Amino acid sequence: MLNKQQIEEEIYNRLRTVFDPEIPVNIVELGLIYGVEINDGGYVNLTMTLTAPACPVAGEIVREVDEKIREVEGVTDANVMLTFDPAWTKDRMSEEAKLELGFL
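**Quick word on helix α2 (residues 58-70)**
Consideration 1: Here α2 spans 19 Å end to end across 13 residues, near enough to the 18 Å set by a 1.5 Å rise per residue.
Consideration 2: Every buried residue of α2 is listed here: Ala-58, Ile-61, Val-62, Val-65, Asp-66, Lys-68 and Ile-69. Summarising the axial view, the buried residues of α2 lie within an arc of 165 degrees, below the 170-degree limit, and thus occupy one face.
Consideration 3: Contact partners of the buried residues in α2: α1 (4-15), β2 (43-48) and β3 (77-82).

Spelled out as structure tokens, the structure:
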């Protein structure tokens with residue numbers, strides 16, 4: 001069984017396969033994941049945002065994130081919380097994402 005650190009690493013690995021359909025960069029590199037908390041029983045609370053509050057595919061992205069988390073060994077349940085506080089900015093993007101999108 002995976003420990004909490006391994007579970008978190010695997011969650012991030014799987015979330016790197018989730019893309020905002022309007023931007024060719026995954027949600028981890030975009031900086032949309034604000035935090036992952038895992039309790040001793042394998043319950044995961046993930047806090048994330050979107051690039052824009054009016055994102056037309058918000059429900060699809062949140063559902064895909066939830067599915068990816070639940071696929072990870074050791075996860076017993078998951079809660080994906082969507083927040084817009086603080087609002088997402090380009091500053092949250094990784095250097096790789098900024099380079100990919102031409103911001104560097």
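Read on for the rest.
**Some points on the pattern of salt bridges**
Consideration 1: Enumeration according to the criterion identifies seven salt bridges in this entry.
Consideration 2: Here Glu-10 makes a salt bridge to Arg-14, at a shortest N to O gap of 2.8 Å. Pair noted here: Glu-10 and Arg-14 are both in helix α1, with a separation of four residues, about one helical turn.
Consideration 3: Residue Arg-14 is classed as partly exposed on the basis of its relative accessible area, which comes to 25%.
Consideration 4: Close ionic contact of Glu-71 with Arg-14 constitutes a salt bridge, the shortest N to O distance being 3.2 Å. Here the residue Glu-71 occupies a position in the loop between α2 and β3, and Arg-14 occupies one in helix α1, the gap between them amounting to 57 residues.
Consideration 5: Through salt bridges that share partners, Glu-10, Arg-14 and Glu-71 make up one connected network.

**Looking at α1**
Consideration 1: When the terminal C-alpha atoms of α1 are compared, their 16 Å separation across 12 residues agrees well with the 16 Å that a helix rising 1.5 Å per residue should span.
Consideration 2: Those residues of α1 hidden inside the fold are in contact with β1 (33-38), β2 and α2.
Consideration 3: For α1, the N-terminal cap is Asn-3; the gap from its side-chain oxygen to the backbone nitrogen of Gln-5 is 3.0 Å.

Cut-offs applied
- For every chain, the first residue of the written sequence is number 1, and numbering continues from 1 along that sequence.
- The predicted nature of this model means local features are confined to residues of pLDDT at least 70 and side-chain atom pairs, given and counted, to a pLDDT of 80 or more, with totals for whole chains, interfaces and linings taken over all residues.
- The side-chain values count all of the structure's non-hydrogen atoms but skip hydrogen atoms and water molecules.
- For helices the rule is a DSSP run of H or I covering at least 4 residues; for strands it is a run of E covering at least 2, with both sets numbered from the N terminus onward.
- What a helix should span is 1.5 Å times the count of its residues minus one.
- Exposure categories follow from relative accessible area, calculated using a 1.4 Å probe and restricted to protein chains: below 20% of the type maximum is buried, above 50% is exposed, and the middle band is partly exposed.
- By arc we mean the arc of the directions from the helix axis to the C-beta atoms, nothing more.
- Note on contacts: a residue pair qualifies if any of its non-hydrogen atoms lie within 4.5 Å across the two residues.
- We count a salt bridge whenever a side-chain nitrogen from Lys or Arg sits within 4 Å of a carboxyl oxygen from Asp or Glu.
- Polar contacts, as used here, are pairs of N or O atoms within 3.5 Å; protein pairs need one atom able to donate a hydrogen and one able to accept it. Residues neighboring in sequence count only if both atoms are side-chain atoms.

So yeah, pure geometry; function would need other evidence.
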